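Each chain, letter by letter, is given below.
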Amino acid sequence: MHRSPKHTLNNGVSIDQLGFGVYKVPAEDCADLVSTAIDIGYRTIDTAALYANEAGVGAAVNQAVAGGMPRDELFVTSKVWNTEQGYDSTLAAFDASMEQLGLDYLDMYLIHWPCPERGLFIPTYKALETLYREGRVRAIGVSNFEPEHLTQLLDVCEVVPAVNQVELHPWLAQTPLRALHAELGITTQAWSPLARGAILDDPILVALAAGHGRSVAQIVVRWHVQSGHLVIPKASSAQRVRENLSVFDFVLTDAEMGLIASMDNGRRSGSSPSAVN
Ligand code: NDP
């Protein structure tokens, strides 16, 4: 069984570097798919209120725990959706997510998007700090925050975000943002790490995959792992879920890492943070 290395967040909490994302996994398939992922070796699952599949994630986690896996081996992330931003509404959104998940505590809770035009990410984050202090969540952080949002937040927050989860893949390497995170002690987590599959036809990656006798997805996931950030690919079949975790028995050379770095062209597969409100 392949197992991800651990990464320690800025508050000492440990998370797998390579986790499993469940955006667009239909609610009715989610419990079985997450159980399959746990059987294969994943221990970190990324969901959100928006995905409408928290119940399936929680069911799979509770099933694993009922089968003897310690709860603290598993790590569940969820996120507060844009329309729920604000102090009181975030506390209520957290309760609603926990009800769906059916868990006693959450491992990490993130602000899904900064939504700068709403002007509410600071009171939203204050609610996350309350939940953190109450012990209802082990780590708090943000997602899709640009440098200006981080700066505004750090001016007033008491708990430095553990994570900023952002779109990141070889076409969008986020080099300046990652450097800022390193300076601030914030861990970078890559969403859409395969650019939602669009990058898998890129000829540079196709050639590297042929050279290693690996799939293109494995080359990309391996690039994420060697780049040192967290990564949460999503896949729908057991075969792909397994393939994406099976990246710890080969290494990309410095020259290959450099070649992949040359692919950075700013191409997004999702929305730009300033456009989401
Ligand atoms: P990914 O970059 O992980 O790509 C998923 C796509 O790639 C799917 O179409 C999948 O196909 C395909 N794929 C996966 N593995 C393979 C493989 N081995 N071979 C061929 N094709 C493969 O996209 P996501 O957008 O899902 O991002 C990952 C996770 O990041 C999400 O699930 C979510 O948890 C998080 N996320 C967070 C966001 C945020 O705003 N914070 C925004 C978007 C995502 P198939 O499913 O058919 O197997």
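Everything below is about the structure printed above this text.
This report concerns the structure included in the present document. This one's a predicted model, so the numbers in the text were calculated from it and none came from an experiment.

## Thoughts on the pairing of strand β7 (residues 137–143)
Stage number 1. Of all 7 residues in β7, 6 are buried; the element is thus mostly enclosed.
Stage number 2. Both strand β6 (residues 106–111) and β7 contribute to a ladder of 5 bridges, which runs parallel. Looking at β7, one finds that Ile111 is bridged to Val142.
Stage number 3. Handedness of the β-α-β unit built from β6, helix α4 (residues 121–133) and β7 comes out right-handed.
Stage number 4. Bridge count between β7 and strand β8 (residues 163–167): 2 bridges; the pairing is parallel. Counted as the bridge partner of Ser143 is Gln165 from β8.
Stage number 5. For the crossover from β7 across helix α5 (residues 147–156) to β8, the handedness is right-handed.

## Regarding the site of the ligand
Stage number 1. Taken together, 28 residues lie near the ligand, and Asp46, Ser192, Leu194, Lys234 and Ser236 sit nearest.
Stage number 2. The side chain of Ser143 places a nitrogen or oxygen atom 2.8 Å from a nitrogen atom of the ligand.
Stage number 3. A distance of 3.0 Å separates a nitrogen atom of the ligand from a polar side-chain atom of Glu243.
Stage number 4. In isolation the ligand has 900 Å² of accessible area, and contact with the protein removes 87% of it.

## Quick word on unusual backbone geometry
Backbone geometry follows two general trends: most residues other than glycine have a negative phi, and most peptide bonds adopt the trans configuration.
Stage number 1. One non-glycine residue, Cys115, adopts positive backbone phi at about 45°.
Stage number 2. Looking at the secondary structure, you find Cys115 in the loop between β6 and α4.
Stage number 3. Within the chain, Arg196 stands out as a residue other than glycine whose phi angle is a positive 60°.
Stage number 4. Here Arg196 shows up in the loop between β9 (187–191) and α7 (203–212).

## So, the packing of aromatic side chains
Stage number 1. For the coordinates displayed, the defined rule picks out 5 aromatic pairs.
Stage number 2. Aromatic pair Tyr23 and Tyr51: ring centres 4.8 Å apart, planes at 40°, arrangement tilted. Taken together, the residues Tyr23 in the loop between β3 (20–21) and α1 (27–40) and Tyr51 in the loop between β4 (44–46) and α2 (54–66) connect sequence positions 28 residues apart.
Stage number 3. You can call Tyr51 buried: its relative accessible area is 13%.

## What to know about the pattern of salt bridges
Stage number 1. Considering all chains together, one arrives at 10 salt bridges under this definition.
Stage number 2. In this structure, the salt-bridge partner of Arg138 is Asp107, at a minimum N-O distance of 2.9 Å. Here Arg138, found in strand β7, pairs with Asp107, found in strand β6; they are 31 residues apart in sequence, far enough to count as distant.
Stage number 3. Taking the shortest distance from any N to any O, the salt bridge between Lys126 and Glu129 comes out at 3.6 Å. Here Lys126 pairs with Glu129, and both are found in helix α4, just 3 residues apart, close to one helical turn.
Stage number 4. For Glu129, a relative accessible area of 1% puts it in the buried group.
Stage number 5. Among the charged side chains, a network of salt bridges with common partners joins Lys126, Glu129, Arg133 and Glu158.

Cut-offs and rules
Residues numbered from 1 in each chain as written. Predicted model: local features only at pLDDT ≥ 70, side-chain atom pairs only at ≥ 80, totals over all residues. Heavy atoms only, no water. Buried < 20%, exposed > 50% of the residue type's maximum accessible area, 1.4 Å probe, protein only. Helix = DSSP H or I, 4+ residues; strand = E, 2+ residues; numbered from the N terminus. Pairing = 2+ DSSP bridges. Right-handed = clockwise from strand over helix to strand, strands pointing away. Near = heavy atom within 4 Å. Polar contact = N/O pair within 3.5 Å; in protein donor to acceptor, adjacent residues only side chain to side chain. Areas by Shrake-Rupley, 256 points an atom, 1.4 Å probe, with all protein chains shown as cover. Phe/Tyr/Trp six-rings, centres within 6.5 Å; stacked < 30°, edge-to-face > 60°. Salt bridge = Lys/Arg side-chain N within 4 Å of Asp/Glu carboxyl O.

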